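# Working through the structure, step by step
These are the residues of each chain, in order.
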Amino acid sequence: MPVASASGTARAAFSDPLSLSPHPKSYTSHIRFTTASYHNRRRRHRFLQVRALDAAQSFDYESKLSLHFNSAPKLKIAIIGFGNFGQFLARTLIRQGHTVLAHSRSDYTDVAANLGATFFPDPHDVCEQHPDVVLLCTSIISSEQVLNSLPLHRFKRNTLFVDVLSVKEFPKSLLLRTLPPHFDILCTHPMFGPQSGKNGWSGLSFVYEKVRIGNEESRISRSDKFLDIFEREGCKMVEMSCAEHDMHAVRSQFLTHTVGRILHSLELESTDINTKGYESLLDLVENTSGDSFDLYYGLFMYNTNAMEQLERLDLGFEALRKQLFGHVHGILRKQLFGSGDNGLAGKKVQLLAENSTVSGFSNNSHALAKVTQSLRPEDIFSITSYKALFSNSLGDSEKLRIAVVGFGNFGQFIAKTMVRQGHHVLAYSRSNYVDVAQNMGATFFSDADDLCEEHPDVVLLCTSILSTEKVLKSLPLQRLKRSTLFVDVLSVKEFPKNFFIQNLPADFDILCTHPMFGPESGKNGWNGLPFVYDKVRIGTDESRVSRCKRFLDIFSREGCRMVEMSCVEHDRNAAGTQFITHTVGRILEKLHLKSTPINTKGYDTLLNLVSNTAGDSFDLYYGLFMYNQNAMEQLERLDLAFESLKKELFEQLHGVVRKQLFDDVGYSKISTETYVTSNNN
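Residues numbered from 1 in each chain as written. Predicted model: local features only at pLDDT ≥ 70, side-chain atom pairs only at ≥ 80, totals over all residues. Heavy atoms only, no water.

An unreviewed UniProt entry annotates the chain as Prephenate/arogenate dehydrogenase domain-containing protein originating from Kalanchoe fedtschenkoi.

### Overview of the environment of Asn274
You can see Asn274 is positioned in the loop between α12 (242-265) and α13 (276-289). Note on Asn274: relative accessible area 7%, which makes it buried. The spatial distance from the C-alpha of Asn274 to the C-alpha of Phe517 is 9.8 Å, given a sequence separation of 243 residues. In this structure, Asn274 is in contact with Glu279, Leu282, Pro530 and Thr577, ignoring residues within four places of it in sequence. Of note is the side chain of Asn274, whose polar atom sits 2.7 Å from the backbone nitrogen of Thr271. In this structure the side chain of Asn274 is engaged in a polar contact, spanning 2.8 Å, whose partner is the side chain of Glu279. (Helix = DSSP H or I, 4+ residues; strand = E, 2+ residues; numbered from the N terminus. Buried < 20%, exposed > 50% of the residue type's maximum accessible area, 1.4 Å probe, protein only. Contact = heavy atoms within 4.5 Å. Polar contact = N/O pair within 3.5 Å; in protein donor to acceptor, adjacent residues only side chain to side chain.)

### Quick look at unusual backbone geometry
The backbone phi angle of Glu267 is positive, close to 55°, even though this residue is not glycine. You can see Glu267 is positioned in the loop between α12 and α13. Positive phi, normally seen in glycine, also occurs at His455, with a value near 50°. Relative to the assigned elements, His455 resides in the loop between α18 (448-452) and β12 (458-461).

### Brief notes about helix α24 (residues 618-626)
Within an α-helix, residues lying three or four positions from one another point in the same direction, as the helix has 3.6 residues per turn. In terms of residue burial, α24 counts as a mostly covered element, since eight of its nine residues are buried. All of the buried residues in α24 are Phe618, Asp619, Leu620, Tyr621, Tyr622, Gly623, Leu624 and Phe625.

### Things to note about the environment of Asp314
Positionally, Asp314 belongs in helix α15 (residues 306-337). Residues Asp314 and Phe642, spaced 328 residues apart in sequence, show a C-alpha to C-alpha distance of 8.3 Å. Ignoring anything within four residues of it in the chain, the contact list for Asp314 reads Phe642, Glu643 and Lys646.

### A short note on the pattern of salt bridges
The full count for this structure, using the stated rule, is 23 salt bridges. Between Lys172 and Glu209 there is a salt bridge whose closest N-O contact spans 3.3 Å. On the criterion of sequence distance, the pair formed by Lys172 in helix α10 (residues 169-178) and Glu209 in strand β7 (residues 205-212) is long-range, its members being 37 residues apart. Residue Lys172 is classed as partly exposed on the basis of its relative accessible area of 25%. A salt bridge links Lys210 to Asp224; the shortest N-O distance between them is 3.2 Å. Here Asp224 lies in helix α11 (residues 217-232) and Lys210 lies in strand β7, a separation of 14 residues in the sequence. (Salt bridge = Lys/Arg side-chain N within 4 Å of Asp/Glu carboxyl O.)

### Points about the sheet that holds strand β6 (residues 184-190)
One key point about sheets: their strands pair by backbone hydrogen bonds, in either a parallel or an antiparallel sense. With respect to topology, eight strands assemble into an open sheet ordered β3-β2-β1-β4-β5-β6-β7-β8, the strand pairing being mixed. The open sheet has two edge strands with one neighbour each: β3 (118-119) and β8 (236-239). Where β7 meets β8, four bridges bridge the pair, whose relative direction is parallel. Residue pairing in the sheet places Val207 in a bridge with Val238 of β8. Each of β1 (76-80), β2 (99-103), β4 (133-136) and β6 touches helix α6 (residues 84-95); the most contacted strand, β1, lies at about 170° to it. (Pairing = 2+ DSSP bridges. Axes fitted to C-alpha atoms, helices over the stretch in contact; angles between N-to-C directions.)

Right, dumping it as structure tokens:
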């Protein structure tokens, strides 16, 4: 079609539906219209014209997007190592319109064809195609051997070489040492892989260093065009030196993979009472378990900071075990020699509901130790401001008189919800919380006799694990109604169950419970969070059955996922979901981890785990260890898994050194070439 007045007549002719008539003379007659008849004609067809434009919106958008990529400068990129990660990158390169040439020892002809790439089994052939960029996607271990196998003389003299390895100082040194000086070098690291980048790369870090780029405008432009591939996908572009990268990556990658591999050896499984912390560990295992050992070994072998990090992790684990068993030794010593002057046992000590001093073992051989008011997130609920949504929702027959024994942070949080739902809360603690109780609508008692004489329907023990035994024995049980319901909310269950059965009169009801959430995980409400319970001993009278149900309804009303489970089963599951989670968090806490500019998703998981466990008192963690008979087994399994991983690392290292010494072979010829995924979590 002839172009007449590019900004006017031709544009109008294109937009006018009648101008698309197949008859040649229709266009001629169109341009001969007077100005008035032309505008009248456009008005007659305006509705049709707008509908046509609206219908073409999605097509126009796709066309513009395609035009955007097609108009962008194209690169001819040779991917050396066409395994999972090479294919993963190739999909995006091809989608953006670049030409991809693939080479690998394994035959990926069909895979390449399906992606829109060209596969070359012979390295000479791919080199003779004169690619603009050579992208090394080999494993860390095989990179030196693969690079030495390429006929570099067949490339153009100013070819850009790019690596995507998970370590950076090693490939930088290798490329500078191996490549002729007229080749350009760009060291990069996409901080993601097929798993973490499966939903797109937006916001994910891409680290790079322009190691050696020629001064010519074409070479500078080529480097920028390659980096633009990742910037177009929304990557967070981070320019930093290779040395700085490895310093950060030893934490964000090597440490993350180490913890993931240790936990994988424990064969952790999801349970009905998963905590959020445990869920994060399961995700970490899933994100690292699929990676080959060669990838992990490469992170260890080729990052000069890795050995120090492994030693620090080892020392952190040893320090935690020493702290645990040292605490046990202190308890035993006090049991044998007493806690009073002149080694006399049995001296009266002050009893605190939230802060008890170490006195000795109970009749059940359970240790008592000093407990602070700083409670573990799973045992505490932060005080949150709520509107009284349920304050008048309960009838008088549904309301309970609940004595909260231990009115610290946890007790106050529970009480606030109970008061909001319309229950009458009686609070008791050695510390004075009169004002706190009054502000939330509860009644505070500083004397246990006064509390019990109020005849509460439910006595809710909100003490710490270590002080539970002493607090319960201090209560004047004879002043309570004979059928009173006793409830605990401890993080272990077999211990309180056995202790209640042995120490409470037979006509008292017993309900063992555990809210599997705390101030962090429950700060936005309890909806969907698990609440575990075991009806240990509930009378058959309708009133007692109803009372137990009304207490459980407090949590079901808040949307908790109610899980009825025996105390034995709870402790077996909790040894993994809680004790292992807190143990890993405490080990990592001793490493003083900090956020880096190149955090991976896995490393963010570790930082969050430390944040959620670091504020807990050691006595709370010790309670999980001391009062759950499955905890020792879990600690031993964790120790064995760590030792097994270290043994595997050092045995492979020993094999490398042995081959160097006795086989007269350089390290580059030790490992057979394997193209493995470089999925970095």
